[in-house]
Amino acid sequence: MARVSDISNAWGGPVVLASDETWQARSGWVLVSTEANPDDDGAILLRAGAGDSYDFISGASVRYKAIDGQGIPHLVRMAR
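Remember, predicted model here, so these are calculated numbers, not experimental data.

Trainee: Hey, could you run me through the overall build of the chain in this one?
Mentor: Helices and strands together make up the secondary structure of the chain, namely zero helices and eight strands. The linear arrangement of helices and strands in the chain, starting from the amino end, is β-β-β-β-β-β-β-β. In terms of overall dimensions, the chain is globule-like: its C-alpha atoms have a radius of gyration of 11 Å, near the 12 Å expected for 80 residues. Oriented by its inertia axes, the alpha-carbon framework of the chain measures out at about 30 × 25 × 20 Å. Sorting the 80 residues of the chain into buried and exposed places 36% on the buried side. Contacts in the chain between residues at least 24 apart in sequence constitute 77% of all its contacts with a sequence separation of at least 6. Of the accessible surface of the chain, which amounts to about 4,500 Å², a share of 45% is contributed by carbon and sulfur atoms. Computed over 7 positive and 10 negative side-chain charges, the separation of the two mean positions in the chain equals 6 Å.

Definitions and cut-offs
Residues numbered from 1 in each chain as written. Predicted model: local features only at pLDDT ≥ 70, side-chain atom pairs only at ≥ 80, totals over all residues. Heavy atoms only, no water. Helix = DSSP H or I, 4+ residues; strand = E, 2+ residues; numbered from the N terminus. Rg over C-alpha atoms; globule rule 2.2 N^0.38 Å. Buried < 20%, exposed > 50% of the residue type's maximum accessible area, 1.4 Å probe, protein only. Contact = heavy atoms within 4.5 Å. Areas by Shrake-Rupley, 256 points an atom, 1.4 Å probe, with all protein chains shown as cover. Lys, Arg positive; Asp, Glu negative; His and termini not counted. Charge placed at Lys NZ, Arg CZ, Asp CG, Glu CD.

The following block contains the structure:
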């Protein structure tokens, strides 16, 4: 399991996955996307405490950003 804690409110990345992974927010709210030029409306929202998670496949290029005002964001990446 890998933790990501340096999440800003601007789109970062991409992170290219070497294996299938499940991503989950452990604190705060985080948007994730596999789009080359992501926008907030088309992104996937991961909310800590809500049970939100998303499964990505190996080779995916994932970008992420924090949602302001929803706590300090932390993501957890888990191999599947």
